[in-house]
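Secondary and tertiary structure notes
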Number of protein chains: 2
Amino acid sequence: MSRDSGLSGPKVLVYQASHPEKFADVLKDLGITNVITAKSSGAAPPDLSEVEVMFGWNIPVDWFARAPKLKWVQWSGAGVDSVAMRRDQIPEGVRLTRILDQFSAPIAEYVFTYLLYITKDVRRQQKSQEQKRWDPFRAELLAGKTIGVAGLGSIGAEIVRKARAFDMKVTGLSATGRNRHLVDVHYTADEWNDFVAPLDVLVLTLPLTDRTRHVIHAPVLERMKREAIIVNIGRGALIRETDLIPRLAAGRIRAAVLDVFEREPLPTDSPLWTLHNAFVSPHMSGPSEVDKTCAFFAENMRRFVQGDPLIGLVDLTRQY
Amino acid sequence: MSRDSGLSGPKVLVYQASHPEKFADVLKDLGITNVITAKSSGAAPPDLSEVEVMFGWNIPVDWFARAPKLKWVQWSGAGVDSVAMRRDQIPEGVRLTRILDQFSAPIAEYVFTYLLYITKDVRRQQKSQEQKRWDPFRAELLAGKTIGVAGLGSIGAEIVRKARAFDMKVTGLSATGRNRHLVDVHYTADEWNDFVAPLDVLVLTLPLTDRTRHVIHAPVLERMKREAIIVNIGRGALIRETDLIPRLAAGRIRAAVLDVFEREPLPTDSPLWTLHNAFVSPHMSGPSEVDKTCAFFAENMRRFVQGDPLIGLVDLTRQY
């Protein structure tokens, strides 16, 4: 990298909601110094005339057209729906990449945290402890239950791996079928009804695209078992919340574990906050880590400079 | 089995704290019909003069000597400390067997339920939800933490397997070293201080014997990290509770997950009920299931009748 470091490298805009200079500091240590930073979409954009590369999260899409030399945008997250769904605003020839593989471990841990919390009824155990009551009961086993993972990218694959260690039956649904060998039964994107019917647990790890928006809506929910637990760690709008909420309230669906929502932060008047079988967390299951994210970007930067293929390239036609 | 079924088989006493007839019914379906039942140690024992086999949990040890034809006792649990530690009362030539392999899945699930509950701070997430607060924070990862499993029998081995799926570093301590190949580093029973020092998580799956009683006492606790979580799913008396409690209260040990106690049910005046970093459950992590337990016994009965080696034979010298 030393040849390309310093101000001689391509000019980079680092954009984050807060503290972009933290990223810039890490990049400096990685030899990437020709950097400008910006943090608020409300403020006027900085001078983008020389910017070739943008690196950040929720970069205003209209900034792309203001950077005539822009060739590549590295999104600092796994989900690119907020930009890919407005692909008409991405200038011809600008490549978009997303982060791969960094979120698998924390997100899969999050999924099993709540699956175990619910099936072992930790709430009941904690309440008994509060009341100093010795109240043994037979807790459920994850072993033997059927989990269906919708979306078999790196996150879905890690959930499958952990599900195997819990001796669950594992099915999957994906558009490409690329990782179909990981699961006992694989379903395609037009087989949602058959996919969800036998599940004890449905986990959504899908990207949000025009095809997956509201894919979990009334007709699919009606095919699910009453005992089913839904876990959404993909994007909120995969689920039509107005279809889910009354079914949770009625016990038609056992529980929903939701880290993402149609509107974030979740509005205070959402019934999801108070439903006893809705487990709400604030989009925290897959935190990006500055160091790892910068290292990913630096590797892609090396490839960009040398003309090698970029990692995590988004197909703007399929939107992820 | 049909040749040996009916009243011609060896006479069996089925003993349980409650509902021994449930077990007798299942055994009948398995072809074992020469059965008498008893349930309370308070009551006078039934006529034991013809009993060759006893099958049950916490059978009064003094009953053994009242059964002159007794040859074999099948304990309906994995831990036999309550009988093996009084081995002087076991008549010469009486074999004792315990249940193997049935408790691994539920107990290992229990361990990871609480490890994830604590490290992901589900309490904080639940409290935020109660208050409708959108409060993201960076949760810890199990991945990369070091777990030490004391006791590498079938239960310990299953905990190791799941720890691998969470990408934890895994060490172990065992007396025999039989399963030492499962762990990254193995310690022997005289290496407790070295074993516990680097651990983020210590899981006790040991049998209770004269050697392991109070093995977790002040000097060992003082070697542990402040960040360490202790999980006891073995027997309560592995831990000297009077040494643990002040260290939990002082934050010298991060947390204790306790399914077993020196006295059970846990007395209401125990500080463990109210310590915020003690997670108390009522000896429920490894529930025995009537059907599975009876199937295990029936297989051993087949071996007993045919003179084959019994499964789960207890070595009364080492007490497990």
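Here the structure is a predicted model, which means the values were calculated and not measured. (Residues numbered from 1 in each chain as written. Chains lettered and ligands numbered in written order. Predicted model: local features only at pLDDT ≥ 70, side-chain atom pairs only at ≥ 80, totals over all residues. Heavy atoms only, no water.)

Let us look at the packing of aromatic side chains. Two measures describe an aromatic ring pair: the distance that separates the ring centres and the angle between the ring planes. Across all of its chains, the model carries 30 aromatic pairs over all chains by this definition. Both rings, one in A:F112 and one in A:F166, keep their centres 5.2 Å apart while their planes meet at 10°; by these two values the pair is stacked. Linking A:F112 in helix 3 (residues 104-119) with A:F166 in the loop between helix 5 (154-165) and strand 7 (169-173), this pair joins segments that are 54 residues apart in sequence. A:F166 sits in the buried class, given a relative accessible area of 0%. A ring pair is formed by B:W57 and B:W75, whose centres lie 6.3 Å apart and whose planes are at 50°; its orientation type is tilted. Here B:W57, found in the loop between strand 3 (51-56) and strand 4 (72-75), pairs with B:W75, found in strand 4; they are 18 residues apart in sequence, far enough to count as distant. For B:W57, a relative accessible area of 27% translates into the label partly exposed. Using a relative accessible area of 1% as the deciding quantity, one classes B:W75 as buried. Each member of the aromatic cluster is reached from another via a ring pair, and the members are A:Y110, A:Y114, A:Y117, A:F279, B:Y110, B:Y114, B:Y117 and B:F279. (Phe/Tyr/Trp six-rings, centres within 6.5 Å; stacked < 30°, edge-to-face > 60°. Helix = DSSP H or I, 4+ residues; strand = E, 2+ residues; numbered from the N terminus. Buried < 20%, exposed > 50% of the residue type's maximum accessible area, 1.4 Å probe, protein only.)

Quick look at the domain arrangement of chain A now. Residues and elements named next belong to chain A. The domain architecture assigned to chain A consists of domain 1 (2-102 + 288-306) and domain 2 (104-280). Put simply, the middle of domain 1 and the middle of domain 2, counted by C-alpha atoms, are 33 Å apart. Listed per partner, the contact involves six residues of domain 1 and eight residues of domain 2. Across the domain 1/domain 2 interface, buried area totals approximately 600 Å², and carbon plus sulfur atoms make up 46% of it. Ranking the residues of domain 1 by area buried against domain 2 places D81, M85 and D101 at the top, with a combined share of 69%. Put simply, domain 1 and domain 2 have one salt bridge between them. Of the charged contacts in the structure, one is a salt bridge between R235 and D81, with a shortest N-O distance of 2.6 Å. Looking at side-chain class alone, the side of domain 1 that touches domain 2 contains two nonpolar, two polar and two charged residues. (Domains from an automatic or database assignment. Contact = heavy atoms within 4.5 Å. Buried area = accessible area lost by both parts, 1.4 Å probe. Salt bridge = Lys/Arg side-chain N within 4 Å of Asp/Glu carboxyl O. Nonpolar A, V, L, I, M, F, W, Y, C, P; charged D, E, K, R; others polar.)

Okay, the interface of chain B and chain A next. Often, the extent of an interface is quoted as the loss of accessible area on bringing the components together. Listed by partner, the interface residues are 54 residues for chain B and 54 residues for chain A. Carbon and sulfur atoms supply 61% of the area that chain B and chain A bury against each other, a total of about 4500 Å² over both sides. There are four salt bridges connecting chain B and chain A. A salt bridge links B:K120 to A:E109, with the shortest nitrogen-to-oxygen separation between them at 2.9 Å. For the pair chain B and chain A, the number of links is 30 residue pairs in polar contact (both at pLDDT 80 or more). Secondary structure elements with two or more residues in the side of chain B that touches chain A: helix 3 (104-119), helix 4 (122-130), helix 5 (154-165) and strand 12 (278-280) of chain B. Of the residues assigned to the side of chain B that touches chain A, the class counts are 29 nonpolar, 10 polar and 15 charged. (Polar contact = N/O pair within 3.5 Å; in protein donor to acceptor, adjacent residues only side chain to side chain.)

Quick look at the nonpolar core now. Membership of the largest hydrophobic core comes to 68 residues, with the highest contact counts inside it found for A:F112, A:I147, A:I159, B:F112, B:I147 and B:I159. Setting aside its immediate chain neighbours within four residues, B:I147 contacts B:F112, B:L115, B:I159, B:A163, B:M168, B:K169, B:V170, B:T171, B:L199, B:V201 and B:V203. (Core = buried A, V, L, I, M, F, W, Y, C linked by side-chain atoms within 4.5 Å.)

On the secondary structure map, A:M284 appears in the loop between strand 12 (278-280) and helix 9 (290-306). Judged by its relative accessible area of 6%, A:M284 falls in the buried class. Sequence separation between A:M284 and A:S82 is 202 residues; the distance between their C-alpha atoms is 18 Å. Residues in contact with A:M284, not counting those within four places in the same chain, are A:D259, B:Q125, B:P136, B:F137 and B:A139.

Right, let's talk about the UniProt feature "domain: D-isomer specific 2-hydroxyacid dehydrogenase NAD-binding" (unreviewed entry) in chain A for a bit. Here, UniProt's "domain: D-isomer specific 2-hydroxyacid dehydrogenase NAD-binding" (unreviewed entry) annotation points to residues 113-285 of chain A. From the first C-alpha to the last, residues 113-285 of chain A spans 11 Å; its make-up is 28% helix and 16% strand. (UniProt positions renumbered as here; feature names shortened; annotations may be inferred.)

Residues and elements named next belong to chain B. In space, the five strands of this open sheet follow the order 2-1-3-4-5, with parallel pairing throughout. Of all strands in the sheet, those with a lone pairing partner are strand 2 (35-38) and strand 5 (95-97), marking the two edges. Here the average twist between neighbouring strands, direction ignored, is 20°. Sheet analysis places strand 4 next to strand 5, joined by three bridges and oriented parallel. Among the inter-strand pairings, Q74 is bridged to a residue of strand 5, identified as T97. Lying on the sheet, helix 1 (residues 20-29) is in contact with strand 1 (11-15), strand 2 and strand 3; it crosses strand 2 at an angle near 160°. (Pairing = 2+ DSSP bridges. Axes fitted to C-alpha atoms, helices over the stretch in contact; angles between N-to-C directions.)

Right, let's get into the sheet that holds strand 5 (residues 95-97) of chain A. Whether parallel or antiparallel, the strands of a sheet pair through hydrogen bonds between backbone atoms. Residue and element names in this part refer to chain A. Strands sit in the order 2-1-3-4-5 across an open sheet of five strands; the sheet is parallel. Edge positions in the open sheet fall to strand 2 (35-38) and strand 5, since each of these has one partner strand only. Going from strand to strand, the sheet's axes swing by 20° on average, the running direction of each strand aside. Packing against the sheet, helix 1 (residues 20-29) makes contact with strand 1 (11-15), strand 2 and strand 3 (51-56), and its axis sits at approximately 160° to strand 2.

Residues and elements named next belong to chain B. As for its position among the elements, I99 is in the loop between strand 5 and helix 3. I99 sits in the buried class, given a relative accessible area of 1%. When the C-alpha atoms of I99 and I311 are compared, they prove to be 8.1 Å apart, with 212 residues separating the residues in sequence. With residues near it in sequence (within four places) discarded, I99 still touches Q74, W75, S76, G77, A78, T293 and F296.

All names here are of chain A. Among the secondary structure elements, L244 is positioned in helix 8 (residues 241-249). With a relative accessible area of 1%, L244 lands in the buried category. Here the alpha-carbon distance between L244 and I36, two residues 208 residues apart in the chain, equals 44 Å. Not counting residues up to four positions away in its chain, the partners in contact with L244 are L221, I230, I239, A256 and L258.

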